[in-house]
Amino acid sequence: METETLAAAGEIDFSMLALFLRATITVKVVIVILVLASFWSWSIIIQKLLNFRTARRDAESFQQEFWSGTPLDELFERIRKDPTGVAERVFVAGMIEWRRSRRHGGGFMPGAQARIERAMDVSIAQAAESLTSGLTFLATVGSIAPFVGLFGTVWGIKNAFEEIAIQQSTNLAVVAPGIAEALVATALGLLAAIPAVIFYNKLSADANRLLSGFDSFASEFAAILSRHLESGN
């Protein structure tokens, strides 16, 4: 009897496609959701890694030029029409407000320093929104994907027990397919959640470092402009 049971179980196709096709509609929906969430998570991860690398490269390139001694007006005229990075956009925002605050007869309007700093803060806030977009999705997938997979597993095991009751048999050929289908959902939930959590933490830290660098640059640039404001030049 045991030999016949093992032989029957050995004839069952346990490939991922076969398990998916044999699963109930509820488990199939869970599997599709988890697969789509995993693909979308990886697309966000890859895009963010590329975007952050580009942002770091642009920031380093601009700051080297900024601190090289190039006159601010000359640098502004060259990049104002097409700033290519966050640091350049922060610089352009500050310079635009700087020029708007100058009076025709010389000197500056009252509150110029506050307006310049606010303009750069707005530019940094826009950059922060762009840099952190998609990270909420990663956090959500990391938090709920295991529970979605667990729901699929519980539902699949319930159906496996129902099949046992219907066939009135607990042999391996009856139990194994249902349990295997159920466990696929949990495996996919973990497969979606683990990379999402790891890269959410990494990308959040990278975004914070980038934004901290932009804040530092804005503060240093504001200090330079403040000296010009005090001197009236």
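Before reading on, note that the structure itself is shown above.
Now for a quick tour of the structure.

Cut-offs and rules
- Residues numbered from 1 in each chain as written.
- Predicted model: local features only at pLDDT ≥ 70, side-chain atom pairs only at ≥ 80, totals over all residues.
- Heavy atoms only, no water.
- Phe/Tyr/Trp six-rings, centres within 6.5 Å; stacked < 30°, edge-to-face > 60°.
- Helix = DSSP H or I, 4+ residues; strand = E, 2+ residues; numbered from the N terminus.
- Buried < 20%, exposed > 50% of the residue type's maximum accessible area, 1.4 Å probe, protein only.
- Patch = residues over 30% accessible without salt bridge, like charges linked within 9 Å, V, L, I, M, F, W, Y side chains within 5 Å.
- Areas by Shrake-Rupley, 256 points an atom, 1.4 Å probe, with all protein chains shown as cover.
- Salt bridge = Lys/Arg side-chain N within 4 Å of Asp/Glu carboxyl O.
- Core = buried A, V, L, I, M, F, W, Y, C linked by side-chain atoms within 4.5 Å.
- Contact = heavy atoms within 4.5 Å.

## Here's the deal with the packing of aromatic side chains
Here's step 1: What the rule picks out here adds up to 11 aromatic pairs.
Here's step 2: Plain terms: the ring middles of Phe-66 and Phe-221 are 5.7 Å apart, the flat faces sit at 90 degrees to each other, and that makes the pair edge-to-face. Here Phe-66 is found in helix H3 (residues 25-66), whereas its partner Phe-221 is found in helix H8 (residues 172-231), with 155 residues between them in sequence. There is no split in this pair, since Phe-66 and Phe-221 are both buried.
Here's step 3: Ring-pair connections join several aromatic residues into one group, and the members of that group are Phe-62, Phe-66, Trp-67, Phe-91, Phe-217 and Phe-221.

## Observations regarding a nonpolar patch on the surface
Here's step 1: The grouping of Ile-25, Val-29 and Ile-33 at the surface amounts to a nonpolar patch, some 280 Å² of accessible area in total.
Here's step 2: Summarising the element assignment, Val-29 is placed in helix H3.
Here's step 3: You can call Val-29 partly exposed: its relative accessible area is 41%.

## Some words on the nonpolar core
Here's step 1: With 53 residues, the main nonpolar core has Phe-62, Phe-66, Leu-72, Phe-91, Phe-214 and Phe-221 as its most contacted residues.
Here's step 2: Sorting the residues of this core by element identifies H3, helix H4 (72-79), helix H5 (86-100), helix H6 (112-132), helix H7 (135-167) and H8 as the ones contributing at least two each.
Here's step 3: Ranked by residues supplied to this core, first place goes to H8 with 19 residues.
Here's step 4: The contacts of Phe-62, once residues within four sequence positions are left out, are Leu-75, Ile-79, Ala-87, Glu-88, Phe-91 and Phe-217.

## A short note on the side chain of Ser-204
Here's step 1: Tracing the backbone shows Ser-204 in helix H8.
Here's step 2: Residue contacts for Ser-204: discarding those within four places in its chain leaves Leu-135 and Phe-199.

## Quick look at the side chain of Glu-97
Here's step 1: Take Glu-97: it is sitting in helix H5.
Here's step 2: Look past the residues within four positions of Glu-97 in its chain and what remains in contact with it is Arg-115, Ile-116 and Ala-119.

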